[in-house]
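Here is what each chain is made of, one letter per residue.
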Amino acid sequence: MRIGICGAGVGGLSAGIGLKALGHDVEVFERSPALRATGAGLMLWPNGVRAIYGLGLRDQFDAIAVKIGSFRNYDSSGKLLFEKDTSDWPAKYAAPVIAVNRWTLSSMLAEAFGADALRFDHEVVSAETTSEKARAHFSNGTSYEGDALIAADGLHSVIRDKLIGGVDFHPSEHHAFRWRAIFDLDELDIDPGAQTGYYDPAGWVAFLPIGNGKAYWFGSSSKASTTGEFIELFGSWKSTPIPKALRITPREAIIQSALDVAEGLPAKWTHGRITLLGDAAHPPIPDLAQGAGQALIDSKVLRDAFAKTNDIDQALDEYDRLRRDAAYYVMQCSLKGSFLGANKVDPIAVRYEREIEAMGA
Ligand SMILES: Cc1cc2nc3c(=O)[nH]c(=O)nc-3n(C[C@H](O)[C@H](O)[C@H](O)COP(=O)(O)OP(=O)(O)OC[C@H]3O[C@@H](n4cnc5c(N)ncnc54)[C@H](O)[C@@H]3O)c2cc1C
């Protein structure tokens, strides 16, 4: 079968790897001129890691991922609020919780997919489907026709909006923005095998190692809407490593993103021969750190559905049926995670442990 995938993010590339491994003729179309990986690092919980393993990428992934053995959260005066040992999670959940550099993960996925079928400078502007074919049209004037099309074109998916419409975004009630940046691990005294966070009602900043001598800090606050305000606020948390982290980070290296909550989610992902995958299907807010993990699970479930049958409609319907409610449930948990995260301690890891089976691949 000929299958086109729009978007070379974690979702599109992992879907491509799964479908190509089944012997399908797969092409991935990406609007950027080269591979991109916006952001700094990613945390993946065991459900997302199990999906990567299930896609046959265990060795490559273990080589680039950092296992996180514990979570420790402090208040802004440095008093310990919460500690969770996750070193037994590989035994309990068949995979560790990990942190990884976004760029390294994207590069690994692109290499596993193969450069020969990765088409950059292909911005999809519209797509259509009949009962037997799907087509994508690109801003460079070219078109693609395949037996199926996977829309993995991210949060503001053009294909979703043109095909289904209806998704509205509004700023997160608790924290409207997230700031983050990568730094050299040897410049700051943080645990290289743990997530360490600092919380108070004004906001929080956490640190995660991502391998190759690097780590990243990331944080949010209801009291800041610019990078300057963020630096001023957290620069005063003298009993924590945050002021030093901000000092050693060049201003231009700090990334600020809006955290928008989606309303009016699609009642169905599959329309004819087109389906949605990753953020295009279930735009997350990142407080539960599940967006990329859910995209990976989508890809694994899609691959498994195509492995079972040659009937494309049946495979696309099965994928939609198995994934939609589960992914929307995780989005609901993510909103609650956001609420809990704004309340000093971070019980997300505990909550996750309780819910982990429900979120599983
Ligand atoms: C601040 C922040 C922190 C996060 N932290 C985590 C975390 O720790 N753990 C986690 O699991 N998740 C996290 N997430 C969520 C995670 O980043 C996303 O869920 C994940 O990247 C979704 O992957 P995707 O492939 O669906 O979309 P994307 O990564 O957005 O990829 C979409 C791709 O499609 C391309 N594209 C877009 N439009 C078009 C078009 N018209 N034509 C062709 N190509 C197009 C884009 O250029 C991009 O390459 C975080 C998100 C944010 C904002």
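Residues numbered from 1 in each chain as written. Predicted model: local features only at pLDDT ≥ 70, side-chain atom pairs only at ≥ 80, totals over all residues. Heavy atoms only, no water.

What follows deals with the site of the ligand. Around the ligand, a shell composed of 33 residues is seen, among which G11, E30, M43, R102 and D279 lie nearest. Within the backbone of G293, a nitrogen or oxygen atom sits 3.2 Å from an oxygen atom of the ligand. Protein chains bury 89% of the 1000 Å² of accessible surface belonging to the ligand in isolation. Elements represented by at least two residues in the shell around the ligand include exactly α1 (10-21), β3 (41-44), β14 (177-184) and α9 (291-308). Partitioned by chemical class, the residues of the shell around the ligand number 13 nonpolar, 11 polar and nine charged. (Near = heavy atom within 4 Å. Polar contact = N/O pair within 3.5 Å; in protein donor to acceptor, adjacent residues only side chain to side chain. Areas by Shrake-Rupley, 256 points an atom, 1.4 Å probe, with all protein chains shown as cover. Helix = DSSP H or I, 4+ residues; strand = E, 2+ residues; numbered from the N terminus. Nonpolar A, V, L, I, M, F, W, Y, C, P; charged D, E, K, R; others polar.)

Time to look at the packing of aromatic side chains. The description of two aromatic rings rests on the distance between their centres and on the angle between their planes. What the rule picks out here adds up to 18 aromatic pairs. Relative to F207, the ring of Y198 lies with its centre 6.2 Å away and its plane at 80°, an arrangement referred to as edge-to-face. Relative accessible area serves as the criterion here: at 9%, Y198 is assigned to the buried category. Residues F230 and F234 carry aromatic rings whose centres are separated by 4.7 Å and whose planes lie at 50° to one another, so their mutual orientation is tilted. Here F230 and its partner F234 are both found in helix α7 (residues 227-234), four residues apart, which amounts to about one turn of the helix. Here the two residues F230 and F234 agree in accessibility, since each one is buried. (Phe/Tyr/Trp six-rings, centres within 6.5 Å; stacked < 30°, edge-to-face > 60°. Buried < 20%, exposed > 50% of the residue type's maximum accessible area, 1.4 Å probe, protein only.)

Let's shift gears to α1. In this model, α1 (12 residues) spans 17 Å end to end at C-alpha, consistent with the 16 Å of a helix rising 1.5 Å per residue. Along α1, the residues classified as buried are V10, G11, G12, L13, S14, A15, G16, I17, G18 and L19. Looking at the buried residues of α1, the elements they touch are β1 (2-6), β2 (25-29), α5 (102-113), β8 (118-119), β12 (148-151) and α9. Immediately beyond the C-terminal end of α1, within one or two residues, lies G23, with a positive phi of roughly 100°. (Expected span 1.5 Å × (residues − 1). Contact = heavy atoms within 4.5 Å.)

Phi at D121 takes a positive value of approximately 55°, unusual for a residue other than glycine. Tracing the backbone through its elements, the reader meets D121 in the loop between β8 and β9 (124-129).

A few words on the packing of α1 against α5. Two elements in contact, α1 and α5, have axes separated by 9 Å at closest approach and are oriented at 25°. With respect to their mutual orientation, α1 and α5 come out roughly parallel. Like other packed secondary-structure pairs, α1 and α5 cross with a definite hand, here left-handed. Residues V10, L13, G16, I17 and K20 of α1 lie in contact with α5, whose contacting residues are L105, S106, L109, A110, A112 and F113. Residue composition of the contact of α1 with α5, grouped by class: eight nonpolar, two polar and one charged. (Axes fitted to C-alpha atoms, helices over the stretch in contact; angles between N-to-C directions. Parallel < 35°, antiparallel > 145°, perpendicular 65-115°, else oblique. Left-handed = near helix turned anticlockwise from the far one by under 90°.)

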